Amino acid sequence: MLEDGKDTLPARPNKTKAKMPNAKQRARAEELAAEIRRHDDLYYQNDAPELTDAQYDLLRRELVELEDQFPALQAKDSPTQQVGAVPASGFATAPHRSPMLSLDNAMTEDEMRAFDVRVQKALSTENAASSNPEDVAYVAEPKLDGSGIELIYENGRFKQGLTRGDGRTGEDVTVNLEQIASIPQKLATGARPKFASVRGEIVLPLAAFEELNQARIERDQRPFENPRNAAAGSLRQIHDVDLIRLRSLEFRAYALEEGRPNGCTKQSEILNVLRDWGFIVSPEIEICRGIGKAIAFHERLLQLRGKLPVEIDGTVFKIDDVAKQDTLGSLARAPRWAIAFKFPPEQAETVLEGIDIQVGRTGALTPVARLRPVRVGGVTVSNASLHNQDELERKDLRIGDRIVIQRAGDVIPQVVRVRLDFRRKALAEGFRLERPAPTTHCPICSTRAVRLEGEAITRCANLDCPAQLKNNLRHLASRGALDVDGLGAKLVDQLVEAKLVTRLSDVFALELAQLADLERMAQKSAQNLMASLERARQTTLPRFLIALGIRHVGATVAELLADHFGSLEGLLAAKPTKIAAIEGIGPIIAESVGRFLEDASNQAEIARFEELGLVIVVPESRTPSDASKRPQPLDGLTFVLTGTLSRPRGEWKSLIEAAGGKVTGSVSRKTNYVVAGSDPGSKVTTAAKLDVEILDEAGIEALLSAR
Ligand code: IVH
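Residues numbered from 1 in each chain as written. Predicted model: local features only at pLDDT ≥ 70, side-chain atom pairs only at ≥ 80, totals over all residues. Heavy atoms only, no water.

### Some details on the packing of aromatic side chains
Here the structure, examined in full by the defined rule, presents seven aromatic pairs. Arranged with centres 5.9 Å apart and planes meeting at 65°, the rings of Phe251 and Phe279 form a pair that is edge-to-face. Within this pair, whereas Phe251 is found in strand S8 (residues 250–258), its partner Phe279 is found in the loop between helix H8 (267–276) and strand S9 (286–289), the two being separated by 28 residues in sequence. Of the two residues, Phe251 and Phe279, neither departs from the other in class, the shared state being buried. Seen in terms of ring centroids, Phe508 and Phe609 are 6.0 Å apart; in terms of plane orientation they differ by 70°. Their pairing is edge-to-face. Placement of the pair is Phe508 in the loop between helix H14 (489–497) and helix H15 (512–516) and Phe609 in helix H22 (residues 600–611), with a sequence separation of 101 residues. (Phe/Tyr/Trp six-rings, centres within 6.5 Å; stacked < 30°, edge-to-face > 60°. Helix = DSSP H or I, 4+ residues; strand = E, 2+ residues; numbered from the N terminus. Buried < 20%, exposed > 50% of the residue type's maximum accessible area, 1.4 Å probe, protein only.)

### Observations concerning the sheet that holds strand S23 (residues 673–676)
The strand order across the open sheet built from four strands is S22-S21-S23-S24, with neighbouring strands paired in parallel fashion. One side of each edge strand has no neighbouring strand; the edge strands of this open sheet are strand S22 (662–664) and strand S24 (693–695). Direction aside, neighbouring strands of the sheet carry axes that sit 35° apart on average. The pairing of S23 with S24 spans three bridges and is parallel. When the sheet's bridge partners are listed, Tyr673 is paired in S24 with Glu693. (Pairing = 2+ DSSP bridges. Axes fitted to C-alpha atoms, helices over the stretch in contact; angles between N-to-C directions.)

### Considerations on the nonpolar core
Ranked by internal contacts, the top residues of the largest apolar core, which has 54 residues, are Leu473, Leu476, Val484, Leu487, Leu561 and Ile579. Contributions of two or more residues to this core are made by helix H13 (466–477), H14, helix H16 (523–537), helix H17 (541–547), helix H18 (555–565), helix H19 (568–572), helix H21 (587–598) and H22. Broken down by element, the residue count for this core peaks at six residues, all from H18. Sequence-distant contacts of Leu476, defined by excluding residues within four places in its chain, comprise Ala481, Leu482, Asp483, Val484, Leu504, Val507, Ala547 and Phe609. Core analysis: the next-biggest nonpolar cluster, separate from the first, contains 37 residues, Val198, Phe209, Ile270 and Val273 among them. (Core = buried A, V, L, I, M, F, W, Y, C linked by side-chain atoms within 4.5 Å. Contact = heavy atoms within 4.5 Å.)

### Side note on unusual backbone geometry
A positive phi angle is found at Ser446, which is not glycine, with a value near 65°. For Ser446, the location among the structural elements is in the loop between helix H12 (420–428) and strand S17 (449–450). Phi angles above zero are rare outside glycine, and Arg520 is one such case at about 60°. Topologically, Arg520 is positioned in the loop between H15 and H16. With relative accessibility at 65%, the residue Arg520 sits in the exposed group.

In short, shape yes, function no, at least from these values alone.
Here you go:
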């Protein structure tokens, strides 16, 4: 899922005369939409994607094609209609003064030459068919694999930083950016414009990425998949901001959207200005005259790629002359004067040592190729997903085969093909290469595997399967669900294996002494976990619904359900038809939710969560839509919480929201009050700078009691 996919797409023209989908097609579209939403959540909310870009694109493409064929399937809220990084985190959002565009991609030399021909044509006015058009000068820059960002400078001072967001509106992450050393607080030298918009990429250098992941593994937290996700996640930290992690980020500048000094008429000159102002600009930049030189540069950069300190995934070529850029102009999505020439996926050869079966949260049994470890794209790879049984059969693999694997832009590697020449030779030499056995049983609990009609996935049907329980518990603890800090993968394994947790709700029955008895568990960590669990007991309805691990219920569906029913009781009492009637929830999701809630053991689980102290705080704004709209004391007011407060932040947030207010993560001009506890940090400084009123706890209590 690259930046490129995230733009809002124009509505597609409705060419065919309304052909109606049958039930199967309708169901497939529902399923795809739900899957895409789930993966969007994993990507944007949790920075933990499960799919490669290519796999994600396949899902999207299938849905786009279905909707093209049957326009009736195209729901207003279909993910095909609202692509984009949903501002998820509680940061305030702000519009970009001009859209942050994406780039068109070229994958092959031919596509690059075609781009150059288009450019030449657009630039040559009279003699478009001239046999000897002038070579165009392109600036070649590494395509940095990070997170796009816009920095606003007023009178040379850093004012505001926005993530790219959906290209039109971004998240205001100024407070976090203020910690990054490579973002100058003041522009260094030269003519400083009154207003400048500097654009570039936040990247996490590979060395820092390795270090960060090592530290995460030691703290029992899930490591980041790649530097891009780690950078995006670090940038958008809100609670308990890890400064070391933030400070390891690097900003590299590549564009000046506004504030170009007089006389600066070329992209290459802009890069020099940015460097003079104190920004890091990638050193591997060259002016290439003509497409031949551009392609040669790209090949050289590819050779250099593995030695660079940051991850790059191609070369960006921009017409050097800004006046010529203007002649070409931009389309809604991307400029016509630039292109990203992507690197081919990195491939390597290794030996297939076996096939393991992984058990997913919903019991999905996924075959995974166990590989002889091999370096590809800067990382050592020892397994590759084979997705499902059909895929395994299609690839026709044998244990012991020599295979080609690839890693494209992300770290989840794929098996490309078998070296049949090697297989033939091995067979001729008398080696036996066995076909992998089909998946008939769950490798963990040995229950018979089932595969439903029309489904590609084989599943373990045992809901008490320890592997599923582990995955569900990890999911319950994740950031988008109950956010239990310190409950990482290793601890989950220990809890399930020691049978301290045999069903999800057990996690709230844990006692300090039990935790402290676990191997490698220090008293302090046990206490911290108890404190995290205590915090997690106060939650919201959407978070609880996500935590339950109901199939197809990610953040979007959970919000829809919570908005509609207002309370857990309301949802539990709902007839399945009522769930299916909610806009944005189709029959597949409705059935999945209905079936989950009908199940007596699930009902008992929900009741037990509540018995064990889980409290769902219902913000007033979430009551059913027909609730009378009384004016609220904090209506229209925006708050930022900072420092150590006497109650958990979640509780303050719920109280403020229940009184009509809004809580965001960072201080901006739109903030009305900053509520500061002890050790408040930089938010108070920012508030003072922006003239935002600062309250202590007594102050906010006074506002709240003005009901
Ligand atoms: S120029 C209008 N230059 O790639 C021009 N973008 O796939 C748009 N990117 O959103 C940006 N390295 O986040 C530009 N040297 C570079 C880049 C670069 C990485 C990112 C950027 C953009 C995305 C498009």
